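A structural walkthrough
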Amino acid sequence: MVHSYFEYLTSEYPREAGHGMLLVQLHGACAGQPWAPVGARRMLGRAGNRAGLGLVKPHAFRHTFTSAVLDAADGNLLIARDAGGWASAATVDEVYGHVDIHDPAFDSALRAVWGETR
C-alpha cells in the first residue's frame, strides 16, 4: 500500500494541483481538480464489491480509526479527540466510544450474565 501511494504521488499526481487534496482527476478538462465526495464514495463502492466486501462507506474508516486509537490509548478520549481532530472529547465518547472488549472486567461481566464460569 505504501509503495502504491508513493508511486501515485511521484508519477501520477499532478504537481501543479496546488491544493493538497489526495484524490484528484487525472485526465480530461478537470485534471488536477479534487474529486467530488460522490466520486470517492463510488470508487470505494466499486472496490468493496470487487474485493467481496460489499458496500464500503468512507465514514467506516473514521469509525475504525477512532476505535483503534481508543483501544491503543486505553480509552483515553483526549488522545482520540486530538488524533481525529474533534473539538470535543464528549463527541468522541458519544459517537465512537465503546466498551473495551479486552477488559477482563467486561469479560467477567458477560460471563456472569450468560451464567458461565471460567
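Placed above this text is the structure.
Keep in mind it's a predicted model, so treat the numbers as computed, not measured. Each residue is numbered by its place in its chain's sequence as written, counting from 1. For a predicted model such as this one, the threshold for reporting local features is a pLDDT of at least 70, and the threshold for listing and counting side-chain atom pairs is 80 or more; totals across whole chains, interfaces and linings nevertheless cover every residue. Here the side-chain values reflect all heavy atoms present in the structure, with hydrogen atoms and water set aside.

Side note on the overall build of the protein chain
Quick note on the threshold: Counting from the N terminus, the helices are the DSSP runs of H or I reaching at least four residues and the strands are the DSSP runs of E reaching at least two. Only protein chains enter the calculation, and the probe is 1.4 Å; a residue is then buried if its accessible area is under 20% of its type maximum, exposed if over 50%, and partly exposed in between. Whether two residues are in contact is decided by their heavy atoms: any pair within 4.5 Å suffices.
In terms of regular secondary structure, the protein chain is built from six helices and zero strands. Projected onto its principal axes, the C-alpha coordinates of the protein chain cover approximately 65 × 35 × 25 Å. Across the 118 residues that make up the protein chain, the buried fraction comes to 18%. Pairs at least 24 residues apart make up 17% of the contacts formed inside the protein chain by residues separated by at least 6 positions.

Examining the packing of helix α3 (residues 58-72) against helix α4 (residues 77-84)
For clarity, the cut-off: Lines fitted to the C-alpha atoms define the axes, with helices restricted to the stretch that makes contact. Angles between their N-to-C directions range from 0 to 180 degrees. Crossings are assigned a handedness: left-handed for a near helix turned anticlockwise from the far helix by less than a right angle, right-handed for a clockwise turn. Gly falls in the polar group here, along with every residue not listed as nonpolar (Ala, Val, Leu, Ile, Met, Phe, Trp, Tyr, Cys, Pro) or charged (Asp, Glu, Lys, Arg).
Here α3 crosses α4 at 145°, and the two axes come no closer than 9 Å. By crossing handedness, the relation of α3 to α4 is classed as right-handed. When α3 is examined against α4, the residues Arg 62, Phe 65, Val 69 and Leu 70 are found in contact with a partner set consisting of Leu 77, Ile 79, Ala 80, Ala 83 and Gly 84. Class assignment of the residues belonging to the contact of α3 with α4 gives a composition of seven nonpolar, one polar and one charged.

Observations concerning the nonpolar core
Applied cut-off: Residues belong to a common nonpolar core when they are buried Ala, Val, Leu, Ile, Met, Phe, Trp, Tyr or Cys residues joined through side-chain atoms within 4.5 Å.
Core analysis: the biggest nonpolar cluster contains six residues, these being Val 69, Leu 70, Ala 80, Trp 86, Val 92 and Tyr 96. Secondary structure elements with two or more residues in this core: α3 and α5 (89-96). Aside from chain neighbours lying at most four places away, what touches Trp 86 is Arg 62, Thr 66, Ala 80, Arg 81, Thr 91, Val 92 and Tyr 96.

Regarding the environment of Val 95
Within the secondary structure layout, Val 95 lies in helix α5. Considering only alpha carbons, one finds Val 95 and Gly 18, 77 residues apart in sequence, at a separation of 34 Å.

Describing the packing of aromatic side chains
The line we're drawing: Two aromatic rings from Phe, Tyr or Trp, using only the six-membered ring of Trp, form a pair when their centres are within 6.5 Å; if the ring planes differ by under 30 degrees the pair is stacked, by over 60 it is edge-to-face, and anything between is tilted.
Per the counting criterion, the structure on display carries two aromatic pairs. Taken together, a centroid distance of 5.0 Å and an interplanar angle of 55° make the contact between Trp 86 and Tyr 96 tilted. Taken as a pair, Trp 86 in the loop between α4 and α5 and Tyr 96 in helix α5 lie far apart in primary sequence, ten residues in all. Of the residues examined, Trp 86 reaches a relative accessible area of 14% and is grouped as buried.

The values are spatial; any link to function lies outside them.
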